[in-house]
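# Fold and geometry: a report
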Amino acid sequence: MRHALFALGLLASPALAETSLSDAASGLDLFPCELGGLTCTTLTVPLDHRANDPSQTLDITFALSFATNESLGILFYFVGGPGGSGLASADSYLSSFDPALIENLDIVFVDQRGIGAVHGLSCPVAQARFDSSAAPLSDTDAVLATARAYVSDCTAEMGADHLLPVVNTDQAIRDSEAFRQAIGAPKVWLYGESYGTQLVQAYATQVPQAVKGVMLDGVVDLTLDAEGFYRRYTLTAERLLSDTFALCFGIPACKADFPADPSQVYDDLAARLAAGPVTVPYTLADGTRVDRTLTASHLESSAFYALYAPEGRAEFLRTLAAAGRGNLVPLLQLGYSNLFIDPETEIGMEDPAWFGAAYYAITCTDYDSGPGTAEDRARRILDQARALAPEAPRLLRSYYIERLACAYWPQQGPAARPQAYAGGDWPTLILNGSNDPITPISMAYSVLDDAQNAYGVFMQGGPHVIWGRGLACPDAIVQALLFDGTLPPAREQLCEQEPIADYTPLTLTDPTRADAFTVARAIETELMHYIPLVTWPGDHPTSFGCPLGGTILAEPGDRGTDFTFTGCRFWPALTFSGTAAEVSMDDPDDGITMDLKISGAQIGDLVYLHRTTDQSYSLSGIWNGQPASLPRQP
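Cut-off values and rules
Residues numbered from 1 in each chain as written. Predicted model: local features only at pLDDT ≥ 70, side-chain atom pairs only at ≥ 80, totals over all residues. Heavy atoms only, no water. Helix = DSSP H or I, 4+ residues; strand = E, 2+ residues; numbered from the N terminus. Rg over C-alpha atoms; globule rule 2.2 N^0.38 Å. Contact = heavy atoms within 4.5 Å. Areas by Shrake-Rupley, 256 points an atom, 1.4 Å probe, with all protein chains shown as cover. Disulfide = S-S within 2.5 Å. Buried < 20%, exposed > 50% of the residue type's maximum accessible area, 1.4 Å probe, protein only. Pairing = 2+ DSSP bridges. Core = buried A, V, L, I, M, F, W, Y, C linked by side-chain atoms within 4.5 Å. Salt bridge = Lys/Arg side-chain N within 4 Å of Asp/Glu carboxyl O. Axes fitted to C-alpha atoms, helices over the stretch in contact; angles between N-to-C directions. Nonpolar A, V, L, I, M, F, W, Y, C, P; charged D, E, K, R; others polar. Expected span 1.5 Å × (residues − 1). Lys, Arg positive; Asp, Glu negative; His and termini not counted. Polar contact = N/O pair within 3.5 Å; in protein donor to acceptor, adjacent residues only side chain to side chain.

### Re the overall build of the protein
- Per the secondary structure count, the protein includes 21 helices and 20 strands.
- Rg of the C-alpha trace for the protein: 26 Å, near the compact-globule value of 26 Å for 634 residues, within the 12% margin.
- Its C-alpha atoms put the protein at 80 × 65 × 45 Å along the principal axes.
- Relative to all contacts within the protein whose residues are 6 or more apart in sequence, the contacts with residues 24 or more apart total 68%.
- A total of about 25,600 Å² of accessible surface is found on the protein, and carbon and sulfur atoms cover 53% of it.

### A word on the state of the cysteines
- A complete count under the given rule lists 6 disulfides for this structure.
- Here Cys33 engages in a disulfide with Cys40; their sulfurs sit 2.0 Å apart. Handedness of the Cys33-Cys40 disulfide follows from its S-S torsion of about 105°: it is right-handed.
- The exposure class assigned to Cys33 is buried, which follows from its relative accessible area of 7%.
- Judged by its relative accessible area of 2%, Cys40 is buried.
- Sulfur-sulfur distance for the disulfide between Cys546 and Cys568 comes to 2.1 Å. Between Cys546 and Cys568 the disulfide shows an S-S torsion of about -115°. By sign, it is left-handed. Residue Cys546 is located in the loop between strand E13 (542–545) and strand E14 (551–556), and its partner Cys568 is located in strand E15 (residues 560–571); the two are separated by 22 residues in the primary sequence.

### Examining the sheet that holds E13
- The 8 strands lie next to each other as E13-E14-E15-E16-E17-E18-E19-E20, forming an open sheet whose pairing is antiparallel. One side of each edge strand has no neighbouring strand; the edge strands of this open sheet are E13 and strand E20 (626–627).
- With 8 bridges joining them, strand E17 (residues 591–600) and strand E18 (residues 604–611) adopt antiparallel strand pairing. Each residue of the ladder has a partner; that of Met594, found in E18, is Tyr608.

### Some points on the nonpolar core
- In terms of nonpolar packing, the biggest core is built from 139 residues, with Leu121, Tyr150, Leu190, Phe316 and Tyr400 touching the most fellow members.
- Per-element tally for this core: the top contributor is helix H9 (residues 226–249), with 9 residues.
- Once residues lying within four places of it in the same chain are set aside, the contact partners of Leu121 are Gly114, Met158, Ala160, Leu163, Leu164, Val167, Phe355, Gly356, Ala357, Ala358 and Ala361.
- Membership of the second largest hydrophobic core comes to 34 residues, among which are Cys33, Leu75, Ala100 and Val478.

### Focus on the pattern of salt bridges
- As enumerated under the stated definition, the model contains 18 salt bridges in all.
- The closest approach of N and O atoms between Asp153 and Arg129, which form a salt bridge, is 3.3 Å. A residue pair is termed long-range when its members are at least 10 positions apart, and Asp153 in helix H6 (residues 140–158) and Arg129 in helix H5 (residues 124–132) qualify at 24 residues.
- Using a relative accessible area of 32% as the deciding quantity, one classes Asp153 as partly exposed.
- A relative accessible area of 49% places Arg129 in the partly exposed class.
- Note that Asp587 is salt-bridged to Arg559, the shortest N-O span being 3.3 Å. Taken together, the positions of Asp587 in the loop between strand E16 (574–583) and E17 and Arg559 in the loop between E14 and E15 put the pair 28 residues apart, joining distant regions of the chain.

### Considerations on the packing of helix H11 (residues 262–274) against helix H12 (residues 296–306)
- Remark: H11 packs on H12, axes separated minimally by 9 Å, with the N-to-C direction vectors making an angle of 145°. Contact residues: H11 offers Tyr266, Leu269, Ala270 and Leu273, while H12 offers Ala296, Leu299, Glu300 and Ala303.
- Among the residues making up the contact of H11 with H12, the classes are represented as 7 nonpolar, no polar and 1 charged.

### Some points on helix H8 (residues 195–206)
- Given a rise of 1.5 Å per residue, 12 residues ought to cover 16 Å, and the 17 Å separating the end C-alpha atoms of H8 matches this to within 8%.
- Judged by how many residues are buried, H8 sits mostly within the fold: 10 of 12 residues are covered.
- When H8 is considered as a whole, its buried residues turn out to be Tyr195, Gly196, Thr197, Gln198, Leu199, Val200, Gln201, Ala202, Tyr203 and Ala204.

### Section: the sheet that holds strand E2 (residues 39–46)
- The 10 strands are arranged E1-E2-E3-E5-E4-E6-E7-E10-E11-E12 in an open sheet whose pairing can be described as mixed. In this open sheet, the two strands that pair with only one neighbour each are strand E1 (30–32) and strand E12 (492–496). For this sheet, the mean angle separating the axes of adjacent strands, direction not counted, is 25°.
- Here 5 bridges tie strand E11 (residues 452–460) to E12, and the two strands are oriented parallel to one another. For Met459, the partnering residue across the bridge sits in E12 and is Cys495.
- Along the sheet face, helix H7 (residues 169–182) touches E2, strand E3 (57–65), strand E4 (74–78), strand E5 (106–110) and strand E6 (188–193) and points at about 115° away from the line of E2.

### Details of the side chain of Ser85
- Within the fold, Ser85 resides in the loop between E4 and helix H3 (86–96).
- Residue Ser85 is classed as buried on the basis of its relative accessible area, which comes to 1%.
- When sequence neighbours within four positions are dropped, the list of residues in contact with Ser85 reads Val79, Asp111, Ile115, Pro352, Ala353 and Phe355.

### Some remarks on unusual backbone geometry
- At the junction of Gly81 and Pro82, the peptide bond is cis and its omega measures out at 0° in the coordinates.
- Structurally, Pro82 is set in the loop between E4 and H3.
- In this model, Cys473 is joined to Pro474 through a cis peptide bond whose omega is 25°.
- Despite not being glycine, Gln615 has its phi angle at roughly 55°, a positive value.
- Locating Gln615 in the fold gives a position in the loop between E18 and strand E19 (616–623).

### Here we look at the pairing of E4
- Counting buried positions along E4 yields 5 of 5 residues, so the element is predominantly enclosed.
- Judged by which residues are buried, E4 turns out to be covered on both faces: Ile74, Phe76 and Phe78 on one side and Leu75 and Tyr77 on the other are all buried.
- By the bridge criterion, 3 bridges tie E4 to E5 in an arrangement that is parallel. Residue Ile74 lies in a different strand from E5, and its bridge partner there is Asp106.
- In terms of strand pairing, E4 meets E6 through 4 bridges, oriented parallel. Looking at the pairing, Leu75 lines up with Trp189 of E6.

### What about the side chain of Glu402?
- Within the fold, Glu402 resides in helix H17 (residues 397–408).
- Here Glu402 is buried and forms no salt bridge, its nearest opposite-charge partner Arg397 lying at an N-O distance of 8.4 Å.
- Here Tyr359 takes part through its side chain, which lies 2.5 Å from a polar atom of the side chain of Glu402.
- With residues up to four places along the chain from it excluded, the contact list for Glu402 reads Tyr230, Tyr233, Tyr359 and Tyr360.

### Structural notes on the pairing of E3
- Most of E3 sits out of view: 7 of its 9 residues are buried.
- Taken together, the 8 bridges between E2 and E3 define a ladder with antiparallel strand orientation. Bridge pairing in E3 links Cys40 to Ala63.
- Bridge count for E3 against E5 is 4 bridges, and the pairing is antiparallel.

Structure, rendered in structure tokens:
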């Protein structure tokens, strides 16, 4: 990324230095953030900015990243959701950007009200039950009871009735504006991703004197009501899912993994799950085998979330291919991961980066569910869903399930939607991917067409949120604007990205015929793609059940990760035990070494080494009573 910046000459005429955040915040009480490596400060604000009650307050915490060079400005960074924690994700976001960003800009993250350790809204027990529920549209009473029970159980589990009326975007804007005032009211850059674009558009409209510039990434069209918003993205997601199946058909390895057309495999499984949950034998961390249930919700949510990024599409297709061959465990694991459900207990996981109940608390009070009683609203939503069903046969749940929860939520949003974002004297940069399922690119076009001094950067094949993924377009364009005010050369710019990442084929579809090298390499492949391991934070020893029995113990090592395998089965006909050490130090020794004892359809004692620095392999040991060796070409 640095090369792109210097090639464009973006730093040849640097902007004049401004008052630094370090100086502006010097009068505040600063302390190390509990999450991550930034500096935090807490501001006490009114519980309700619209009320005149100084006795009712709330503490809002901000995380500050100070420019290491002379500051070129202050960037307020609003993350998505709603429900995402700015504090918990700040380090991850900053590490994904060109180092020049944090060297030259001061950056502010916030845990808006309803999010964070102190007043975060979550109800993991009720949330897991709701998110996993079948909630079929065909059974009106059952689906309404599911939504009604979720709201009742979640609000009881939270015990935060005093917060629910004041957890909305308008109050969050006032909190951040209070912080801006506390640091001397400088003009700031406002960046929002996904839901954050909703907040930023409203912030800039309400407080135009605060704005140096606006950047919207994965754009919400504020003018759409709830029905229009959910309709727009559900229909877009339907199209993108069909496109994903077509992409698989064009990749020989992906096509070969499916016993039929991928869309047919999906539809057949969806029909099976529509008839009722399917029992799946599942291995717990201690090796115990239990029966779990795969529901339509697991399938639909995994399909929908897969569409957010190229890597997700490839991963979902691989799990669907396994399901098409009778192995439902990967799909169930993907469902658990996407829904933040602990696979050991099937209870929702507490995640410092995500507050699921805050999502509903904010969404349901930002949008109106319509007139009438809660029952009137809910039944109207179901009628609308039935009308849309022919156009959304695979992802219809995405259109109605959240809206039903909002219909019963104790707080409702205003009936009138905001006016279109008009922009201002400042530049507005609008970023969107064409393959974004949740904030479709059509919303970004609408905002661009209505806003003055606005520029669009659109990524063909791009995902949800496109800045900070290591691609010169749009990263160089964004930094040119931030560093020295360089505007894009035209109102619209086009970037390109492949819509799907590299597909990894299923391994050992016939393990009885595989040679030693193929088996060892398959174990490595499955280890690197095993969903529970992929989502493991890597900071503490953890045991995982293998798909068909046995366990994997993963432990942080001095140079990477150490593994212990005990009777582990990824395939019905093969079992392996032993150890492995993965080295990831960015040095010549990077790679994985495995010492394996294999039994079942094949028998062997193998030592396998894959060096990732030069992609070389070595193998030694015994295989079916003979010396093991690398394959030789005929």
